[in-house]
Amino acid sequence: MLQTRTEISTLLDSRRAGYSLPAEFYARQDIFEADMDVFFRRHWICVGLECDVPEPGDAQVIDVGQTSVILLRDDDNEIQVVHNVCRHRGSRLLDAGSTVISKLVCPYHQWTYELTGELIHAPHMGSDFDRSCHNLKPVHFKSIGGLIYVCLSDNPPADVQRLADTMEERLAPYDIGNAKVAYQSEVIERGNWKLTIENNRECYHCSANHPELCVSFIDLDFGFDPASLSEEDRAEAEEHQALYEERTRIWEEEGHKSAVVEGVVNCTTNFRTQRLIIAGAGESQTPDATAASNKLLGSMTRKDLGDTHLWGHNCWHHFMGDHAVISIIIPLSPDTTMVRTKWIVHKDAVEGVDYDIEKLTSVWVATTEQDAELVARAHSGVLDPAYEPGPYSRFTEQQLDNFATWYVDQMRENGY
Amino acid sequence: MLQTRTEISTLLDSRRAGYSLPAEFYARQDIFEADMDVFFRRHWICVGLECDVPEPGDAQVIDVGQTSVILLRDDDNEIQVVHNVCRHRGSRLLDAGSTVISKLVCPYHQWTYELTGELIHAPHMGSDFDRSCHNLKPVHFKSIGGLIYVCLSDNPPADVQRLADTMEERLAPYDIGNAKVAYQSEVIERGNWKLTIENNRECYHCSANHPELCVSFIDLDFGFDPASLSEEDRAEAEEHQALYEERTRIWEEEGHKSAVVEGVVNCTTNFRTQRLIIAGAGESQTPDATAASNKLLGSMTRKDLGDTHLWGHNCWHHFMGDHAVISIIIPLSPDTTMVRTKWIVHKDAVEGVDYDIEKLTSVWVATTEQDAELVARAHSGVLDPAYEPGPYSRFTEQQLDNFATWYVDQMRENGY
Amino acid sequence: MLQTRTEISTLLDSRRAGYSLPAEFYARQDIFEADMDVFFRRHWICVGLECDVPEPGDAQVIDVGQTSVILLRDDDNEIQVVHNVCRHRGSRLLDAGSTVISKLVCPYHQWTYELTGELIHAPHMGSDFDRSCHNLKPVHFKSIGGLIYVCLSDNPPADVQRLADTMEERLAPYDIGNAKVAYQSEVIERGNWKLTIENNRECYHCSANHPELCVSFIDLDFGFDPASLSEEDRAEAEEHQALYEERTRIWEEEGHKSAVVEGVVNCTTNFRTQRLIIAGAGESQTPDATAASNKLLGSMTRKDLGDTHLWGHNCWHHFMGDHAVISIIIPLSPDTTMVRTKWIVHKDAVEGVDYDIEKLTSVWVATTEQDAELVARAHSGVLDPAYEPGPYSRFTEQQLDNFATWYVDQMRENGY
């Protein structure tokens, strides 16, 4: 007879260190709902950029599960994030996408709010109606170096401060808050969000699957088993290791923070940053590893400062001299995940003059498509009754083990 | 940790008078199933018209949830409503839509029924087979002024009699049973059926959303807060109020029942009727408020008798001198609702001669599309975790408060 | 108030002999999952043919629910069936469909397996990694006369031996293992798999629904009520009955096993075989009942040996002198079922020379489409609350009664 559904806490107990998660974590609707509650409501998540709304009145709708928020810039040039839910009968105020507004007017019955969320007009509600009790609900948010993080719960985790302290300094030269979104893509991966993240946390799969990325990206940076390599490859790997240490030392001496800072286990806010060497021409993640944009980002004056890499539990970003690539994931269902990618250039860079859009975007467009295929393949397999958690490589997949450990810990912390 | 699912009865308790319903009532599958059971199986619902099947042998399939019934006219010119389920192995007898038949023959194994539902042929069942135990199952139905109401349960509510007594007289002059369906549309609204009904029970949203309808329709009839109006608008509103009372008095004196009759709370069968003034040219809900059809309905001789309006919990109808608009809703899922609209003219009215189809239909085609948009917007918002029940205007949304009260009462009555 | 969900065991108890199953068995998700567990995991199911993978390195992916298996032919020309799940992180090894391979290489991280399933390469896993613990998981399978049966559980039912003993001899002359798949179709029926099987187990519906099939197929073979027939038809039926007995006697005397052998109740493995007369020209299930292929199957030398018919609980097959038709069903959801049909000819038969593909396939292409329509119609009806289990004809639907009895028994055997 069919087993009754195993309790989530029993499944959490059953997770074996060094092994991938039990299948239920990728499949079950109730666990998906728990994930959305824990990791996308109670944790800080990256949802966009200050430069998504560059001018007063600019607004962008961002959906996370059934929650819809409006990222906007008010008349005082301040960023605001409010819930996209009219306080009358709940109607959506704005449609998906970007728009420009002077007030937030609900199309249903014309309840009208200031860009700060203040309710200023509600016809037919009677003279005793207290508008001040019906302002739009605000959302906790934080701009970290121009990246917008939100927390949808009332008790945002405090340890986001370490992320802020680390990244404010590292991101300052790129001035992402005043940059320009040159291109944006959305890919729906047919897999659970944790498989999307796991796929992102190793480069074990890169050499065989990402020919375009591997021109500029060095999979060795993410670990290798010396015994797996030919003598020649091992020598190359050791040479790269030495070069990486040397460069990191020099960059740090020059005042460019480069060393790894991470909070991946024993913390609430999950992140990892590190300055990586760009291979080949050494400038940028483009087909030939040279810069795609002539105008460098922010106050950057050099193209040879590598790739400031930042991971979160719902994002991965690369900041280079000439451009940045911002990737944000939003789970849609247990088996689909949206990956939204933004390519960022200097705000004055002009397409066709300062940068070629194809050169700028092609590496990560290809890589994202390839990853979507891998995630779909993994998702289909882990749902197969024949799947059982498999062993992680301690050389190349340590960060997956850390992620699984952190996942289980955070579920526990939140009462599961 | 995620809350366990709240009991429906607890949610019913939590409904606050004067406020919209808790989100769960618009979202949950189990509540949708309860709604279908209570409001679409145990209550009388409007499903069509006698003139949908004008001739003997005419048959029309009507689906309500997983129930499919056949509305037909038998050889004695009598209306019949039977279940569209063969008594052999359950096969559907007829496909969706309209057809003409002499017998009901199941395509699977040729079991054959009279149009009364009597089984007259069942091959290979043996000589001891008792056909009389296998007639098609009949459905409780009632024609009220040509409108077909059915109740899918075995114990139809008795208070439908008040609806019948009220409407038989009011609808008689329109002779809807012998009219013609000039046009029919089906729109799938992306929202819960209760949002569709709530949207229909107020005209607070009309002025900003229904420019076409507002030529002939007067939103003031559905309430207003004098304090919300400019001095000019208030004067106009008071003038209209006086005109409405005067016209109602005159119509009543002339023998045209006009005053409000309603059963909206403290009753099982929910309805409201009222004769409304048509604005502008005053004749009909058309782009210029003049009649669309030269042949008036039934025994009508005047175009200036306004709009006999009738609401039920799954329908809204407008009966005017020249035509009627019949709207019926069938919930399809917690988040989709089908709105079927029929435009009715005199049975001898000829398209292109007596009426122009575009003039006849354009106002409600546009209005229905606009309402579908509003309902989708409201549905998306009420599912947002940031939604909380909002305040109804006591001036313009009293009927929504009544509907919510009636909804909760009826759920209670049925054991929830 | 809505009933709570009835226990499956209570529903099993409620099944009435001689009547179709209660609606829940065709509708409920939990019962679908139980069906998949009992009938598609714990029972032997037919999934393909040896000649689906004729050469070493040929591989074909076959999905059954969330299970994906690879049917392949290894370097020693042996058939292998392994799970399509990498032992690393569960990725699918092969995509749906057919391919040719020398090793099984996981595209994710290049774990590499021999065609026997042995893991021979797993980079970066460290020198202490034991590859022998991570071979691909094998699947229990059995070739019966070239038909591949698998059992996805660890305890395959032993009574498959009776099927094997019966069919090995009967199928030998057709040499299906060395034949050729000339054409394959997949049709998604919008109905529960049990309705697909029920539809296949009677020919009560044939005369009115399958004009193409009825040229060569004789519905009388599947029972009739003499009292239902005209005097003329009854005489014809009796004449056919006598002819069938005479032919069976002659065929058996000539050494061609023809009599019915069945295990349809009181057994685990459900099957029925019988040699049937082909009507009209008597050779094959084609539009004119003459052979479609000039090259006969295997060692067949005669076209007049009728149709060796074989039923299983997930398949039905017809073996004729010139070709065979193999039909396999895979349930996809409670309300959809995939029917995969393969048309088999001699391996050296050349399309356009030895056979015309249209003549070969048209009868069962048409019949399968017609059956899909009937199953959809039945499925929609049994889900109607007005459905109640209906009476089977003891003349024409005895095999449906047997199937329902076997279904209930097997559910019981498996703890429901």
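These numbers were taken from a predicted model, which means no experiment stands behind them. (Residues numbered from 1 in each chain as written. Chains lettered and ligands numbered in written order. Predicted model: local features only at pLDDT ≥ 70, side-chain atom pairs only at ≥ 80, totals over all residues. Heavy atoms only, no water.)

S.K.: Please clarify how the overall build of chain A should be interpreted in this entry.
M.R.: In terms of helices and strands, chain A carries nine helices and 17 strands. With respect to the principal axes defined by its C-alpha atoms, chain A has extents near 85 × 65 × 35 Å. For chain A, the proportion of its 416 residues judged to be buried stands at 60%. When the accessible surface of chain A is summed, it comes to about 15700 Å², and 46% of that surface belongs to carbon and sulfur atoms. Side chains of chain A carry 36 positive and 67 negative charges; the gap between the two charge centres is 4 Å. (Helix = DSSP H or I, 4+ residues; strand = E, 2+ residues; numbered from the N terminus. Buried < 20%, exposed > 50% of the residue type's maximum accessible area, 1.4 Å probe, protein only. Areas by Shrake-Rupley, 256 points an atom, 1.4 Å probe, with all protein chains shown as cover. Lys, Arg positive; Asp, Glu negative; His and termini not counted. Charge placed at Lys NZ, Arg CZ, Asp CG, Glu CD.)

S.K.: Any chance you could explain the sheet that holds strand β7 (residues 112–113) of chain C here in plain terms?
M.R.: To summarise the sheet geometry, strands pair through backbone hydrogen bonds and adopt either a parallel or an antiparallel arrangement. Residue and element names in this part refer to chain C. Ordered in space as β6-β7-β8, the three strands form an open sheet in which the pairing is antiparallel. What marks the edges here is a single partner per strand, and that holds for β6 (104–105) and β8 (119–121). As defined by bridge partners, β6 adjoins β7 across two bridges and the pair is classed as antiparallel. Along β7, the bridge assignment pairs Leu-104 with Tyr-113. (Pairing = 2+ DSSP bridges.)

S.K.: What exactly am I supposed to notice about the environment of Arg89(B) here?
M.R.: Residue placement: Arg89(B) occurs in the loop between β4 (79–83) and β5 (97–100). Spatially, the C-alpha atom of Arg89(B) lies 9.3 Å from that of His109(B), the residues being 20 residues apart in sequence. When near neighbours in sequence (up to four residues on either side) are disregarded, Arg89(B) contacts Tyr108(B), His109(B), Ser20(C), Glu198(C), Asn199(C), Glu202(C), Val382(C), Tyr387(C), Tyr392(C), Glu397(C) and Leu400(C). Polar side-chain contacts of Arg89(B) include one of 3.4 Å to the side chain of His109(B). Engagement of the side chain of Arg89(B) in a polar contact is seen with the side chain of Glu202(C), the distance being 2.8 Å. (Contact = heavy atoms within 4.5 Å. Polar contact = N/O pair within 3.5 Å; in protein donor to acceptor, adjacent residues only side chain to side chain.)

S.K.: What is the right way to look at the environment of His309(A) in this model?
M.R.: Residue and element names in this part refer to chain A. Residue position: His-309 is located in strand β14 (residues 307–312). Relative accessible area serves as the criterion here: at 6%, His-309 is assigned to the buried category. Distance from His-309 to Ser-258, taken between C-alpha atoms, is 9.5 Å for residues 51 residues apart in sequence. When residues no more than four places from it in sequence are discounted, the contact partners of His-309 are Phe-222, Arg-272, Thr-273, Gln-274, Leu-276, His-317 and His-318. A distance of 3.2 Å separates the side chain of His-309 from the side chain of Trp-311, its partner in a polar contact.

S.K.: What is the right way to read helix α7 (residues 231–253) of chain A from this model?
M.R.: Residues and elements named next belong to chain A. Along its 23 residues, α7 runs 33 Å from first to last C-alpha, staying within 8% of the 33 Å computed at 1.5 Å per residue. Regarding α7, the residues found buried are Ala-237, His-240, Tyr-244, Thr-248 and Trp-251. For α7, the elements touching its buried residues are β13 (271–276). Where α7 ends, the next residue or the one after it, Gly-255, has phi of about 95°, a positive value. (Expected span 1.5 Å × (residues − 1).)

S.K.: I tried to follow the relation of the copies chain A and chain C on my own but got confused; where do I start?
M.R.: Note: a rotation about an axis with an accompanying shift along it relates these two copies of the chain. Relative to chain C, chain A is turned by 120° and slid 0.0 Å along the rotation axis, the superposed coordinates differing by an RMSD of 0.1 Å. What the superposition gives is, in effect, a three-fold axis relating one chain to the other. Of the C-alpha atoms belonging to chain A, the one lying closest to the rotation axis is found on Gln29(A), 8.3 Å away. (Least-squares fit on C-alpha atoms with pLDDT ≥ 70 in both.)

S.K.: Please clarify how the interface of chain B and chain A should be interpreted in this entry.
M.R.: When the parts come together, some accessible area is lost, and that loss is often what is quoted as the size of the interface. Taken together, the 35 residues of chain B in the interface contact 37 residues of chain A. Where chain B meets chain A, there are seven salt bridges. Between Arg377(B) and Asp95(A) there is a salt bridge, with the nearest N and O atoms lying 2.8 Å from each other. Taken together, the links from chain B to chain A amount to 23 residue pairs in polar contact (both at pLDDT 80 or more). Counting residues per element, the ones that place at least two in the side of chain B that touches chain A are α5 (193–200), α6 (206–209) and α8 (357–382) of chain B. For the side of chain B that touches chain A, the element with the most residues is α8(B), which contributes six residues. (Salt bridge = Lys/Arg side-chain N within 4 Å of Asp/Glu carboxyl O.)

S.K.: Any chance you could explain the packing of aromatic side chains here in plain terms?
M.R.: The geometry of an aromatic ring pair is captured by two quantities: the separation of the ring centres and the angle between the planes. All chains considered together, the criterion is met by 36 aromatic pairs over all chains. Considering the side-chain rings of Phe39(B) and Trp406(B), the 5.3 Å spacing of their centres and the 50° angle between planes classify their relative orientation as tilted. Taken together, the residues Phe39(B) in helix α3 (residues 29–39) and Trp406(B) in helix α9 (residues 398–413) connect sequence positions 367 residues apart. Looking at Phe39(B), the relative accessible area reads 0%, which means it is buried. Taken together, the ring pairs in this structure connect Phe25(A), Phe39(A), Phe40(A), Trp193(A), Phe403(A), Trp406(A) and Tyr407(A) into an aromatic cluster. Above the plane of the ring of Tyr19(A) lies Arg16(A), whose end atom (NZ or CZ) is 3.8 Å from the centre. Here the guanidinium or amino end of Arg275(B) rests over the ring plane of Trp251(B), the centre of that ring lying 5.7 Å away. (Phe/Tyr/Trp six-rings, centres within 6.5 Å; stacked < 30°, edge-to-face > 60°. Lys NZ or Arg CZ within 6 Å of the ring centre and 35° of its normal.)

S.K.: Any chance you could explain helix α9 (residues 398–413) of chain A here in plain terms?
M.R.: Since the α-helix turns once every 3.6 residues, residues separated by three or four places project in the same direction. All names here are of chain A. Relative to the 22 Å expected for 16 residues at 1.5 Å per residue, α9 spans 22 Å between its end C-alpha atoms, a close match to the ideal helical length. Those residues of α9 not exposed but buried are Gln-399, Leu-400, Asp-401, Asn-402, Phe-403, Ala-404, Trp-406, Tyr-407, Val-408, Gln-410 and Met-411. Positive phi shows up at Gly-415, right after α9, with a value of about 95°.

S.K.: I'm lost on the UniProt feature "domain: Rieske" (unreviewed entry) in chain A in this one. Help?
M.R.: Under the UniProt annotation, the feature "domain: Rieske" (unreviewed entry) is placed at residues 44–150 of chain A. Structurally, residues 44–150 of chain A comprises 0% helix and 41% strand, and the distance from its first C-alpha atom to its last is 5 Å. (UniProt positions renumbered as here; feature names shortened; annotations may be inferred.)

S.K.: Would you mind showing me how to read the environment of Ile344(C) here?
M.R.: All names here are of chain C. By the element assignment, Ile-344 lies in strand β17 (residues 336–345). As for Ile-344 and Val-160, which are separated by 184 residues in sequence, their C-alpha atoms are 24 Å apart. When neighbours within four sequence positions are excluded, Ile-344 is seen to be in contact with Leu-49, Ile-176, Ala-179, Lys-180, Val-181, Leu-297, Asp-322, His-323, Ala-324 and Ile-326.

S.K.: Help me understand the pattern of salt bridges in this model?
M.R.: Oppositely charged side chains can form a pair if their charged atoms are brought close together. Counting across every chain of the model gives 81 salt bridges over all chains. For Lys137(A), the salt bridge is made with Glu388(B), and the minimal N-O distance between the two is 2.6 Å. Placement of Lys137(A) in the loop between β8 (119–121) and β9 (140–144) and of Glu388(B) in the loop between α8 and α9 is noted, with the two residues assigned to different chains. Classification of Glu388(B) by relative accessible area gives partly exposed; the value is 35%. Through salt bridges with shared partners, a single ionic network connects Arg5(A), Arg28(A) and Asp30(A).

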